[in-house]
Amino acid sequence: MTSQSLLAELTLRVRSEAHSRGSATCPCGASTLADRPDATVVRHAGVVAKAHAPGTAPEDLAPRLAAAAHLPGILLDPLSQNPVDVHGRLVTFWPYGEPVDPENPDAAPWEAAATLLARLHRTPAPPGSPAMRGPVKAALAVGRLLEVARRRQRPDVGAVLRAWLTLPPWSRAETPMPDTTTLCHGDLHLGQLVRHPAPDGPWRLIDVDDLGVGEPAWDLARPAAWYACGLLSPEDWSRFLGAYREAGGPAVPVEGDPWPALDVPARALTVQTAARAIAKAIEADRALDDVEQAVVDACERMGAAPPELADGFAK
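Note that this is a predicted model, so its numbers are computed, not measured.

Trainee: Help me understand the sheet that holds strand β2 (residues 39-44), please; the structure alone is not making it clear to me.
Mentor: Within a beta sheet, neighbouring strands are joined by backbone hydrogen bonds and run either parallel or antiparallel to one another. Read across the sheet, 5 strands follow the order β1-β2-β3-β5-β4 without closing on themselves; strand pairing throughout is antiparallel. Strand pairing shows two members of the sheet lacking a second neighbour, β1 (31-36) and β4 (84-86), which therefore form its edges. Averaged over all pairs of adjacent strands, the angle between their axes in this sheet comes to 25°, without regard to strand direction. One ladder, built from 3 bridges, connects β4 with strand β5 (residues 89-95); its direction is antiparallel. Bridge pairing in β5 links Val84 to Val91. Its contacts with the sheet place helix α1 (residues 4-20) against β1, β2, β3 (47-51), β4 and β5, and it is angled at close to 40° to β2.

Trainee: In this structure, what is going on with the packing of aromatic side chains? I would like to understand it.
Mentor: Working definition: an aromatic ring pair is given by the centre-to-centre distance plus the angle between the planes. All told, the structure shown has 5 aromatic pairs when counted by the stated rule. Ring centres of Trp110 and Phe240 lie 5.8 Å apart, and the angle between their planes is 80°; on these two criteria the pair is classed as edge-to-face. Here the residue Trp110 occupies a position in helix α3 (residues 110-122), and Phe240 occupies one in helix α7 (residues 234-246), the gap between them amounting to 130 residues. Of the two residues, Trp110 and Phe240, both sit in the buried class. Three or more aromatic residues link up through ring pairs in this structure, and these residues are Trp110, Trp226, Tyr227, Trp237 and Phe240. Looking at Arg43, its charged tip hangs above the ring of Tyr96, at a distance of 3.6 Å from the centre.

Trainee: Which parts of the structure should I look at to understand the state of the cysteines?
Mentor: Between two cysteines, a covalent bond joining their sulfur atoms is known as a disulfide. Applying the stated criterion across every chain, the model contains 0 disulfides. Summary of cysteine pairing: Cys229 is not part of a disulfide, and the nearest cysteine sulfur, belonging to Cys299, is at 7.5 Å.

Trainee: Looking at this structure, I do not really get the pairing of β2. What am I missing?
Mentor: Taken residue by residue, a regular strand's side chains alternate between the two faces of the sheet. Most of β2 is tucked away, with 5 of its 6 residues classed as buried. With 5 bridges joining them, β1 and β2 adopt antiparallel strand pairing. When the sheet's bridge partners are listed, Arg36 is paired in β2 with Ala39. Counted between consecutive antiparallel strands, the loop separating β1 from β2 contains 2 residues. Of the strand pairs in this sheet, β2 and β3 are connected by 5 bridges, and their pairing is antiparallel. Paired with Arg43 across the strands is Val48, a residue of β3.

Trainee: Mind showing me how you'd approach the pattern of salt bridges here?
Mentor: Once the charged atoms of two side chains with opposite charge are near each other, the side chains can pair. By the definition in use, this model includes 18 salt bridges. The shortest N-O distance in the salt bridge between Arg152 and Asp285 comes to 2.3 Å. Of the two residues, Arg152 is situated in the loop between α4 (134-149) and α5 (155-165) and Asp285 in the loop between α8 (259-284) and α9 (290-304); the sequence distance between them amounts to 133 residues. The closest approach of N and O atoms between Arg267 and Asp263, which form a salt bridge, is 3.1 Å. Of this pair, Arg267 and Asp263 both sit in helix α8, 4 residues apart, which is roughly one turn of the helix.

What counts as what
Residues numbered from 1 in each chain as written. Predicted model: local features only at pLDDT ≥ 70, side-chain atom pairs only at ≥ 80, totals over all residues. Heavy atoms only, no water. Pairing = 2+ DSSP bridges. Helix = DSSP H or I, 4+ residues; strand = E, 2+ residues; numbered from the N terminus. Axes fitted to C-alpha atoms, helices over the stretch in contact; angles between N-to-C directions. Contact = heavy atoms within 4.5 Å. Phe/Tyr/Trp six-rings, centres within 6.5 Å; stacked < 30°, edge-to-face > 60°. Buried < 20%, exposed > 50% of the residue type's maximum accessible area, 1.4 Å probe, protein only. Lys NZ or Arg CZ within 6 Å of the ring centre and 35° of its normal. Disulfide = S-S within 2.5 Å. Salt bridge = Lys/Arg side-chain N within 4 Å of Asp/Glu carboxyl O.

So this is what it looks like as structure tokens:
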């Protein structure tokens with residue numbers, strides 16, 4: 001959780017930014033949309049302020065903000081490309097967009113997400129684009145699990161580590177990715193889509209922290225992993241994959257089996273998700289819930305199967 005001083009200052013900044021853009025008489029107060037170690041997000045009227053993760057360097061964030069500003073219709077356009085420093089954290093300002101309703105899974109915009117990804121993947125990357133951070137985040141999650149697990153041993157930690165070791169070096173951020181030219185989001189899930197203008201404008205991708213060039217299949221990997229773990233229905237997976245292919249997405253073949261392209265990223269995202277789940281469970285001194293257990297069980301299968309049989313998580 002963030003410090004109260006950062007949250008208070010962020011609230012003042014977002015209110016000032018909103019009022020400077022014509023919301024001076026708005027009756028609403030500021031609301032905290034997220035408060036995690038890696039991001040604090042506060043909204044006032046039509047403006048959102050995001051404090052990025054501690055240690056985020058201006059030179060890493062700048063090209064990602066520039067890319068968002070030059071990709072209208074795909075990524076939400078920042079209100080400014082110049083972050084401000086608030087208590088040692090870089091803060092950016094964005095227009096508010098209406099998020100996906102978690103209480104209405106039947107209305108999940110799988111087609112919109114897939115189409116936006118395909119358009120992003122087909123867009124030439126701006127010169128100087130950084131590397132997409134997906135594999136780095138997976139490695140950080142495993143490292144965090146190892147750190148937390150030193151305080152409390154659990155048998156399921158071994159299952160996650162064995163699955164991690166079945167992955168090729170590039171997916172563990174040890175070597176460059178096979179594709180170093182395709183522009184990718186880096187952390188795609190339904191929480192990364194909003195409607196702008198709210199509440200019923202077109203869908204846009206948000207969160208540029210992991211944006212960069214790399215393996216485009218990584219952006220399809222979380223839905224693919226959910227499908228392989230039994231957490232996403234075959235119908236929703238077909239909607240997502242079909243829309244991506246129809247929009248000309250380059251990460252998978254136009255037809256035929258997509259798993260040769262998706263297998264490694266999907267397994268890496270499964271390990272990342274399981275590592276985070278176990279670390280949180282250890283810290284909260286609780287058991288895994290059913291969804292968390294499903295991804296850990298998938299790691300168990302992955303770690304037990306020879307690599308050539310791990311395709312589709314050896315279901």
